[in-house]
Amino acid sequence: MNTAHKPNNNMKKIKTRQRHGLWNHKHYRMWRNMVSRCHKESHKDYANYGGRGIEVYIEWRDTPSSFIKYIKDNLSDCPEGFSLDRIHNDKGYEPENIKWSSKMQQANNTRTNKTLSFNGLTMSQAEWSRKTGISPMTISNRIKSNWSTEDVLTKPVKACRAV
C-alpha cells in the first residue's frame, strides 16, 4: 500500500496551529472549548449549550484572535481560581455577557437554581442560606410548605428536641 500521498495527521495539526499562531495562548483553550460546547454536536456538553440555543458571538466563532483581543481589552486578567462565565445564563457568549467568576459564583448562575427576592435582593437559595444561617434544606422545606418569602428567610429555626 502506497502511503506517500496520504496527508499526515501531525502535519495537519501543525498547519492549523501555524494558521493563527495562538494554540499556546492562555485563552486559546478557553475559546476552543467554548466554541465546541456551543457548535459541535459531538461535544459531551453540547445539549446544555448549543442544544439549548447558546451560541458564540459570530465575530469570535472562527477567529480566536478576536475573542482574545476582546478579553484583553475589556476584562482584567483572569483572577486565580476564576473562569469565564456568562452573565445572563440564557444568552450566548457575546460582548457584554461574559465575565470572570469563581466556582461558587458560577454555581449560583445556573438555570436549575431557584431564586428568592426579598427586601430588594434576589439571590439563590444557597446564597440566602449563607446570608441568613438557615440551612438550604430548611429554606427548601419552607418553600414547599408554601411559607411566605419573608417567613422563609426571617423566622427563627426551632431547636431540635433531645430524645
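The preceding data block contains the structure.
Here's a quick rundown of the structure.

Here is what the cut-offs are and how they apply
- Residues numbered from 1 in each chain as written.
- Predicted model: local features only at pLDDT ≥ 70, side-chain atom pairs only at ≥ 80, totals over all residues.
- Heavy atoms only, no water.
- Phe/Tyr/Trp six-rings, centres within 6.5 Å; stacked < 30°, edge-to-face > 60°.
- Helix = DSSP H or I, 4+ residues; strand = E, 2+ residues; numbered from the N terminus.
- Buried < 20%, exposed > 50% of the residue type's maximum accessible area, 1.4 Å probe, protein only.
- Axes fitted to C-alpha atoms, helices over the stretch in contact; angles between N-to-C directions.
- Left-handed = near helix turned anticlockwise from the far one by under 90°.
- Contact = heavy atoms within 4.5 Å.
- Nonpolar A, V, L, I, M, F, W, Y, C, P; charged D, E, K, R; others polar.
- Arc of directions from axis to C-beta.

What about the packing of aromatic side chains?
Then step 1. Counted by the stated rule, this structure contains 5 aromatic pairs.
Then step 2. On the numbers, 5.1 Å between centres and 50 degrees between planes, the contact of Trp60 with Tyr70 is tilted. Linking Trp60 in helix α3 (residues 58–61) with Tyr70 in helix α4 (residues 64–74), this pair joins segments that are 10 residues apart in sequence.
Then step 3. With a centroid separation of 6.3 Å and 65 degrees between ring planes, the pair formed by Phe118 and Trp128 is classed as edge-to-face. Of this pair, Phe118 sits in strand β3 (residues 115–118) while Trp128 sits in helix α6 (residues 125–132), and the two are 10 residues apart along the sequence.
Then step 4. What makes Phe118 buried here is its relative accessible area of 19%.

Things to note about the packing of helix α2 (residues 28–39) against α4
A pair of packed helices can be characterised by two numbers: the angle between their axes and the separation between those axes.
Then step 1. Following both chains from N to C, one finds α2 and α4 inclined at 115 degrees, their axes separated by 10 Å at the closest point. With respect to the hand of their crossing, α2 and α4 are arranged in right-handed fashion. Side by side, α2 and α4 meet where Tyr28, Met30, Trp31 and Met34 of the first sit next to Pro64, Phe67 and Ile68 of the second.
Then step 2. Of the residues belonging to the contact of α2 with α4, the class tally is 7 nonpolar, no polar and no charged.

As for the environment of Asp85
Then step 1. Structurally, Asp85 is set in strand β1 (residues 82–86).
Then step 2. Of the residues examined, Asp85 reaches a relative accessible area of 8% and is grouped as buried.
Then step 3. Separated by 21 residues in sequence, Asp85 and Gln106 have C-alpha atoms that sit 6.7 Å apart.
Then step 4. Discounting chain neighbours no more than four positions away, the residues touching Asp85 are Asn97, Ile98, Lys99, Ser101, Gln106 and Asn109.

Re helix α7 (residues 136–144)
Then step 1. Buried within α7 we find Ile139, Ser140 and Arg142. One side of α7 holds all its buried residues, which, seen down the axis, span an arc of 160 degrees. Residues of α7 that are exposed and point over 90 degrees away from its buried face: Met137 and Lys144.
Then step 2. Just beyond α7, the residue with positive phi is Asn146, at close to 65 degrees.

Observations regarding the environment of Ile134
Then step 1. The topology assignment puts Ile134 in the loop between α6 and α7.
Then step 2. Sequence-distant contacts of Ile134, that is, excluding residues within four places in its chain, are made with Ser129, Ile139, Arg142, Val152, Leu153, Lys155 and Val157.

Regarding the side chain of Gln125
Then step 1. Its place among the elements puts Gln125 in helix α6.
Then step 2. Looking at Gln125, the relative accessible area reads 16%, which means it is buried.
Then step 3. If we ignore the near neighbours within four places in the chain, the residues touching Gln125 are Lys114, Leu116, Pro136, Ile139, Ser140 and Ile143.

Interpretation in functional terms is not warranted from these geometric data alone.
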